[in-house]
Amino acid sequence: MTAQTISTDPQVGDPREAGSAVGDAFGRSSTGPLAGLVIADFSRVLAGPYCTMLLADLGATVIKVEGPLGDETRAWKPPVRDGESTYYLSINRNKRSIALDFADPQDLAAAQDIASRADVLIENFKPGGLERFGLDYGTVSATNPEIVYASITGFGTAGGAALPGYDLLVQAHSGLMSLTGAPETPAFRSGVAVFDVMTGLHAAIGVLAALKDRSDSGKGQRIEVNLMSSALSGMVNQTAGYLLSGRVPGRMGNEHPSIYPYEPFPTADGDIIIAIGNDRQFRVLCNVVGAPELAEDPRFATAHSRSINRAELRPLLVQLLSQHGAAEWFSILTDARLPSAPINDVADGIRFAEQIGLDPVVSVGDGDGSLPGVRNPITFSRTPASYDLVPPGLDADRDPIMTWLHQPR
């Protein structure tokens, strides 16, 4: 069923045990744990492509099926790199592209053939949108019963089926925006499309779980994820807090609703985050800033009392923290094993990750055409991720994909 050359003979075993890579029919070799899988990627924009990129990093052969105009994010500019959208480049490495017009019978047949040969199909069309093309789960699974078919929508397939599935709309509908900002400011969106990313992760989890079940049962299945459900799940203590207490949370700026101090504080030359999660940490903080008596003050001695009396505690801490600058406090607090952080910009964030040995930046592809990218966040001791294919140009892999489709299964 797959495009890979990995042997299924149990006497041969997994060639990666010897440290060698597994090659696929398109010339890519990978040591990743998903080498041997073919993913038909009928998704676009962010949630689906993010999911498939993570799986591609781990060795899967991902065939990105695009319309004649390509993934919308190819046109999302600025910023750009050599004229190409960095948005598109950020979520489409390690894939191969073919542009197919479903209104063209030959192109549609090719799309159907790709689906029939894939291990996994991931799509984010409007609910029911693929039925007229014979690419819905019922039709695909009739000829490919082992297919793991993942559908991503904005608001599910019931009453919200007709709603457009943009992350910003879900941030509004879910209540996240009502929590983002200060009490005196308007509601704000998150700085990234957080629910698209969460949904992509949930889709990846679902795919991997379904593949595990398939290895036991020999049967595929359909997975459905949607941004709204991912949002309500991903808001964790805020949604659960409402359900359990009946209290509707609101905007608190950078403060935490349940613990204090847990927010930015001004110093002699800039802000620093201090995140105190328990009474022991608060006692250490009081000693470090030179005010041990605060830990014995009944207003602040317990997490609950500090949370209630934060308006009285904050000015005391602000005065004490004015003795040093943010960088010096970060060093002092870190030495005391207290949670703290300066407020970095994105460049500083990458530099900090480099300083602490996370090696966050990888080179994707080879030679002059290579591109920098962010490392896949999962580390494997034996089957590492690989970064050998730069994001493909539109329809860049039509010829090898069509050749593969005409090979015997």
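Thresholds, definitions, all that
- Residues numbered from 1 in each chain as written.
- Predicted model: local features only at pLDDT ≥ 70, side-chain atom pairs only at ≥ 80, totals over all residues.
- Heavy atoms only, no water.
- Pairing = 2+ DSSP bridges.
- Helix = DSSP H or I, 4+ residues; strand = E, 2+ residues; numbered from the N terminus.
- Axes fitted to C-alpha atoms, helices over the stretch in contact; angles between N-to-C directions.
- 1 Å grid on protein atoms, 1.4 Å probe; cavity = no way out; pocket = protein on both sides within 12 Å on 5 of 7 lines; lining within 4 Å.
- Points joined across faces, edges and corners; volume = space filled by probe spheres on them.
- Nonpolar A, V, L, I, M, F, W, Y, C, P; charged D, E, K, R; others polar.
- pLDDT = per-residue confidence, 0-100.
- Contact = heavy atoms within 4.5 Å.
- Buried < 20%, exposed > 50% of the residue type's maximum accessible area, 1.4 Å probe, protein only.
- Arc of directions from axis to C-beta.
- Parallel < 35°, antiparallel > 145°, perpendicular 65-115°, else oblique.
- Patch = residues over 30% accessible without salt bridge, like charges linked within 9 Å, V, L, I, M, F, W, Y side chains within 5 Å.
- Areas by Shrake-Rupley, 256 points an atom, 1.4 Å probe, with all protein chains shown as cover.
- Salt bridge = Lys/Arg side-chain N within 4 Å of Asp/Glu carboxyl O.
- Core = buried A, V, L, I, M, F, W, Y, C linked by side-chain atoms within 4.5 Å.

1. Thoughts on the sheet that holds strand E11 (residues 262–266)
Now for step 1: With respect to topology, 3 strands assemble into an open sheet ordered E11-E12-E13, the strand pairing being antiparallel. At either margin of the open sheet sits one strand with a lone partner, and together these are E11 and strand E13 (340–342). Taking each pair of neighbouring strands and ignoring which way they run, the sheet shows an average axis angle of 25°.
Now for step 2: Bridge count for strand E12 (residues 271–275) against E13 is 3 bridges, and the pairing is antiparallel.

2. A closer look at empty space enclosed by the protein
Now for step 1: For the structure shown, the criterion picks out 1 cavity of 30 Å³ or more.
Now for step 2: Estimates place the volume of the largest cavity at around 30 Å³.
Now for step 3: In terms of residue class, the lining of the largest cavity is made up of 3 nonpolar, 2 polar and 4 charged.

3. Side note on the confidence of the model for the protein chain
Now for step 1: Across the protein chain, the average pLDDT comes to 94, with 95% of residues at or above 70.
Now for step 2: In this model residues 1–12 is a low-confidence stretch, pLDDT under 50, and it forms 31 contacts with partners more than four residues away in sequence or in other chains.

4. Observations concerning helix H15 (residues 398–405)
Now for step 1: Looking only at H15, the buried set comprises Ile 401, Trp 404 and Leu 405. Relative to the axis of H15, the buried residues are bounded by an arc of 100° and lie together on one face.
Now for step 2: The secondary structure elements touched by the buried residues of H15 are strand E3 (38–42), strand E4 (61–66), strand E7 (95–99) and helix H3 (105–117).

5. Overview of the packing of helix H5 (residues 167–174) against helix H7 (residues 194–217)
Now for step 1: Direction vectors running N to C along H5 and H7 enclose 100°, while the axes themselves pass 7 Å from each other. When the axis of H5 is compared with that of H7, the two are roughly perpendicular. Of H7, the residues touching H5 (which contributes Asp 167, Val 170, Gln 171 and Ser 174) are Val 194, Phe 195 and Asp 196.
Now for step 2: Partitioned by chemical class, the residues of the contact of H5 with H7 number 3 nonpolar, 2 polar and 2 charged.

6. Notes on a nonpolar patch on the surface
Now for step 1: A grouping of Tyr 242, Leu 243, Leu 244 and Val 248 is seen on the molecular surface, where their side chains present a nonpolar patch of about 510 Å² in accessible area.
Now for step 2: Structurally, Tyr 242 is set in helix H9 (residues 236–245).
Now for step 3: Residue Tyr 242 is classed as partly exposed on the basis of its relative accessible area of 40%.

7. Things to note about the nonpolar core
Now for step 1: Within the largest apolar cluster, 35 residues are counted, with the highest numbers of intra-cluster contacts made by Leu 55, Ile 122 and Val 207.
Now for step 2: Counting residues per element, the ones that place at least two in this core are helix H1 (47–57), strand E8 (120–123), strand E9 (148–153), helix H6 (176–179), H7, strand E10 (221–226), helix H8 (227–234) and strand E14 (361–364).
Now for step 3: Among the elements that line this core, the one with the most residues is H7, at 6 residues.
Now for step 4: For Val 207, the contacting residues outside a window of four places in its chain are Leu 55, Val 120, Ile 122, Val 148, Ala 150 and Ile 223.
Now for step 5: Counting 25 residues, the second-largest nonpolar core is a separate cluster that includes Ala 115, Ala 118, Leu 135 and Tyr 149.

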